[in-house]
Number of protein chains: 2
Amino acid sequence: MAGNLHTLLRDLQRRKARERRGLVVAEGRRLVEDAFEAGARVVAMLVADDAARGAGAGLVEEASRRGLRAEILPRREFNALADTETPSGVLAVVEWQPLSLDRVQRPDAGGCRALVIDGVQDPGNVGTMIRSAFALGAWLTVALDGTADVRGPKVVRSSMGAVFRHQIATATFEEWCAYADREGIASWVAGGEGEPVNALEPLTESIALVVGNEGQGARAAWSGRRHRSITVPMRAGAESLNAAVATGILLFELSRARR
Amino acid sequence: MAGNLHTLLRDLQRRKARERRGLVVAEGRRLVEDAFEAGARVVAMLVADDAARGAGAGLVEEASRRGLRAEILPRREFNALADTETPSGVLAVVEWQPLSLDRVQRPDAGGCRALVIDGVQDPGNVGTMIRSAFALGAWLTVALDGTADVRGPKVVRSSMGAVFRHQIATATFEEWCAYADREGIASWVAGGEGEPVNALEPLTESIALVVGNEGQGARAAWSGRRHRSITVPMRAGAESLNAAVATGILLFELSRARR
């Protein structure tokens, strides 16, 4: 059993395996608590022996209440299976996968906001963007092809559990465009050139904020699609903001402008 | 000479040595270019042989125009001295140190904004906050005691060169409070409880936004000082934003509210 779990965890380091199995690894005490609280289906739990006697004891009990027996193993073995540099000693394998666009549930209210991530490479940035989208009231985050795998352990961690509470979809650029056209969602692409986000008229339409790659921005194909460009105005001489910071500011400003 | 440089670089991995020598390491082609452009004094440059023949050739020339001979060494040796996991092949040692508060130059205009970092531990977050403060028009960033070393290589990198263009000071909590009192700067502490930043009256006073530790927030001692609490309002059920994202939103909102 323990051997099988080791094999599973190693397998889940590969994107293809995460996709095929519909499983992700949630590492860290807080994150595993979040998965439980959010009602996610935890299929396995691994705890380092020292954590099982200490800060992780409550989680071992929680798992047992849910009919799941936590696998307790020596700290050294735990660390070898963990993804972080200083593992807290608790990890869980959770049933989770992003939705396809035909499965997302759109809220009735007009003026809703979605986030579209177009080619952001850094998993920490992608997870942080998902965390912001959830906290700032977006109803959906879509990761387009070319974006870091939303099932990756660092995305799940950086999202601080938001992956378990927020609708996340994956789609190709074409699929997203078809969906947005059908649903009447306007695409607003973040970039260096664009309307300053603090000077927007009150918004009534449904919007998707499109955030592109850290270096190159969103894909060139947007220029062939109807869209609006927006930007965070900056001091002269300043080059750019961190992609996740800019996304947070834009999402917050779009929620302010909503009327 | 090359041997001395190796010794220096290893020495600069220690906080004490960076402080004593007044030097920081800027790693990455873009960052070294930024240091040159910002007029920072580059005292040594190290380039991997493949980079010297390729993308780093221009920087080697630039250094030479400035009377600095770049040290070119085999890629394997370069990587052993580099701080990043996938080094670009260029690094520079730059004269740089944070100011003390009696050396900062305050702008004449009223309503100016400063950022005070109170105990943020993650160097990437600290650097990203400095980058945001500069880009969003703050005139000063202060790192209080208990904050990650602003001279650290990851802070310098995450700031994307903003350390070379922006006033950065270090101070103890008491020093900052005395300075702020004397200068008539109001401290606004970011936290979970507080006035929503999007509902502020137009601002005329000079403000310092105080951002605390990722987990615990700003130090408890603020409660004994006159201050105002502000927050980024979030969706019910959402726990928090990434500290650097929240800082970006608050700085941007404070600049919007300025009048």
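Quick caveat: nothing in here was measured; it's all calculated off a predicted structure. Here, residues in each chain are numbered from 1, in the same order as that chain's written sequence. Chain A is the first chain written and ligand 1 is the first ligand written, with later ones labelled in order. In keeping with the predicted nature of the model, local features appear solely for residues at pLDDT of at least 70, side-chain atom pairs appear and are counted solely at 80 or more, and the whole-chain, interface and lining totals rest on all residues. Water and hydrogen atoms were dropped before computing side-chain values, which therefore reflect all heavy atoms in the structure.

> Hey, could you go over helix α3 (residues 29-37) of chain A for me, with residue numbers and the actual values?
Here α3(A) has its buried residues at A:L31, A:V32, A:D34, A:A35 and A:F36. Close packing links the buried residues of α3(A) with β1 (23-27), β2 (41-48), α5 (57-65), β4 (90-95) and α8 (153-158) of chain A. Whether a residue is buried, partly exposed or exposed follows from its accessible area with a 1.4 Å probe, protein chains only, as a fraction of its type maximum: under 20%, in between, or over 50%, in that order. Labels follow the DSSP assignment, with helices taken as runs of H or I lasting at least four residues and strands as runs of E lasting at least two, numbered in each case from the N terminus. It only takes one pair of heavy atoms within 4.5 Å for two residues to be counted as in contact.

> Could you give an account of the sheet that holds strand β7 (residues 168-171) of chain B, with specific residues and numbers?
Residues and elements named next belong to chain B. If you trace the six strands from one edge of the open sheet to the other, you get β7-β6-β5-β9-β8-β10, paired in parallel fashion. A single partner strand is all that each edge strand has here, and the edge strands are β7 and β10 (228-231). Put simply, the sheet's adjacent strands are angled 35° from each other on average, direction ignored. Two strands pair when backbone bridges link them, and strand β5 (residues 113-118) and strand β6 (residues 140-144) are joined in this way by four bridges, in the parallel orientation. Looking at β6, one finds that I117 is bridged to A143. Packing against the sheet, helix α7 (residues 123-135) makes contact with β5, β6, β7 and β9 (206-212), and its axis sits at approximately 175° to β5. Strand pairing requires that DSSP identify at least two bridges connecting the strands. Angular values range over 0 to 180 degrees, each being the angle between N-to-C directions of two axes fitted as lines to C-alpha atoms, with helices fitted over their stretch in contact.

> Kindly report on the state of the cysteines, identifying the contributing residues and their values.
Residue and element names in this part refer to chain B. Our working definition of a disulfide is a cysteine sulfur pair at a distance within 2.5 Å. A complete count under the given rule lists zero disulfides over all chains for this structure. Among the cysteines around C112, which has no disulfide bond, C177 carries the closest sulfur, lying 17 Å off. Look at C112 and you get buried, because its relative accessible area is 5%. A residue is classified by how much of its surface remains accessible, and C177, at 4% relative accessible area, is buried.

> So what about the environment of A:E175? Which residues, and what values?
Residues and elements named next belong to chain A. For E175, the location among the structural elements is in helix α9 (residues 173-183). Along the chain, E175 and A63 lie 112 residues apart, while their C-alpha atoms are 39 Å from each other. Pairs of N or O atoms within 3.5 Å make up the polar contacts considered here, provided that, within protein, one atom can donate a hydrogen while the other can accept it, and that residues adjacent in sequence are counted only when both atoms are side-chain atoms. A polar contact of 2.9 Å, which involves the side chain of E175, links it to the backbone nitrogen of T172.

> Go over the pairing of β9(B) with me, naming the residues and quoting the values.
All names here are of chain B. When you tally the buried positions in β9, you get seven out of seven residues, the bulk of the element. Judged by which residues are buried, β9 turns out to be covered on both faces: S206, A208, V210 and G212 on one side and I207, L209 and V211 on the other are all buried. Note that strand β8 (residues 185-196) and β9 share five bridges and pair parallel. Paired with S187 across the two strands is A208, which belongs to β9.

> Account for the pattern of salt bridges, naming residues and giving values.
Here, a salt bridge means any side-chain nitrogen of Lys or Arg that lies within 4 Å of a carboxyl oxygen of Asp or Glu. Overall, the coordinates contain 40 salt bridges over all chains when judged by the stated rule. The salt bridge partner of A:R65 is A:E62, with a shortest N-O separation of 2.7 Å. Here A:R65 and its partner A:E62 are both found in helix α5, three residues apart, which amounts to about one turn of the helix. The exposure class assigned to A:R65 is exposed, which follows from its relative accessible area of 61%. Classification of A:E62 as buried rests on a relative accessible area of 18%. When the shortest N-O distance is used, the salt bridge between B:R21 and B:D11 registers 2.8 Å. With B:R21 in helix α2 (residues 15-21) and B:D11 in helix α1 (residues 2-11), this pair connects stretches of sequence that are 10 residues apart. Salt bridges sharing common partners tie together A:D11, A:R14, A:R20 and A:R21.

> Can you lay out the packing of aromatic side chains for me, pointing to particular residues and giving the numbers?
When two rings of Phe, Tyr or Trp (its six-membered ring) have centres within 6.5 Å they constitute a pair, described as stacked for plane angles under 30 degrees, edge-to-face for angles over 60, and tilted for the intermediate range. Counted according to the given criterion, the structure contains four aromatic pairs over all chains. With 4.9 Å between their ring centres and 85° between their planes, A:F173 and A:W222 make a pair best called edge-to-face. Here the residue A:F173 occupies a position in helix α9, and A:W222 occupies one in the loop between β9 (206-212) and β10 (228-231), the gap between them amounting to 49 residues. Ring centres of B:W176 and B:Y179 lie 5.7 Å apart, and the angle between their planes is 35°; on these two criteria the pair is classed as tilted. Note that B:W176 and B:Y179 are positioned in helix α9 (residues 173-183) at a spacing of three residues, about one turn of the helix. With respect to class, B:W176 is no different from B:Y179; both count as buried.

> Please set out the nonpolar core residue by residue, giving values where relevant.
Buried Ala, Val, Leu, Ile, Met, Phe, Trp, Tyr and Cys residues form a nonpolar core when they are joined through side-chain atoms within 4.5 Å. A:M45, A:F164, B:M45 and B:F164 are the most contacted members of the largest nonpolar core, which totals 155 residues. In this structure A:F164 touches A:V24, A:A26, A:L31, A:A35, A:A38, A:A40, A:V94, A:W96 and A:V156, once residues within four positions along its chain are discounted.

> Can you explain α7(B)? Please cite residues and give values.
Residue and element names in this part refer to chain B. The end-to-end C-alpha separation of α7 is 18 Å, in line with the 18 Å expected for 13 residues at 1.5 Å each. Within α7, 12 of the 13 residues are buried, which leaves it mostly tucked inside the rest of the structure. Within α7 the residues assigned to the buried category are G124, N125, V126, G127, T128, M129, I130, R131, S132, A133, F134 and A135. Capping the start of α7 is the job of one residue whose side-chain oxygen sits 3.1 Å from the backbone nitrogen of G124: D122. By this rule, a helix spans an expected 1.5 Å times one less than how many residues it contains.

> Could you give me a rundown of the interface of chain B and chain A, with the residues and numbers involved?
Taken together, the contacts link 31 residues of chain B with 31 residues of chain A. The contact between chain B and chain A buries some 2500 Å² in all, and 54% of this surface belongs to carbon and sulfur atoms. Area buried by chain B at its contact with chain A is led by B:R131, B:R235 and B:F252, which between them contribute 23% of it. On inspection of chain B and its partner chain A, the count reaches two salt bridges. Of all the elements in the fold, those that place two or more residues in the side of chain B that touches chain A are α3 (29-37), α7 and α10 (243-257) of chain B. Examining the composition of the side of chain B that touches chain A, we find that seven residues originate from one element, α10(B), more than from any other. By convention, the term buried area covers the 1.4 Å-probe accessible surface removed from two parts as they join, with the contributions of both added.

> Describe in detail the packing of α3(B) against helix α5 (residues 57-65) of chain B, supporting the description with residues and values.
Residue and element names in this part refer to chain B. Across the interface, α3 lies against α5 with an axial gap of 11 Å and an inter-helix angle of 25°. Between α3 and α5, the angle falls in the class roughly parallel. Classified by chirality, the crossing of α5 by α3 is left-handed. Residues R29, V32, E33 and F36 of α3 touch α5, and the partners they reach there are L59, E62 and A63. Residues are grouped as follows: Ala, Val, Leu, Ile, Met, Phe, Trp, Tyr, Cys and Pro are nonpolar; Asp, Glu, Lys and Arg are charged; all remaining types, including Gly, are polar. Looking at side-chain class alone, the contact of α3 with α5 contains four nonpolar, no polar and three charged residues. Note on terminology: angles under 35 degrees are roughly parallel, angles over 145 are roughly antiparallel, angles of 65 to 115 are roughly perpendicular, and the others are oblique. The crossing is said to be left-handed when, going from far helix to near helix, the turn is anticlockwise and less than a right angle, and right-handed when the turn is clockwise.

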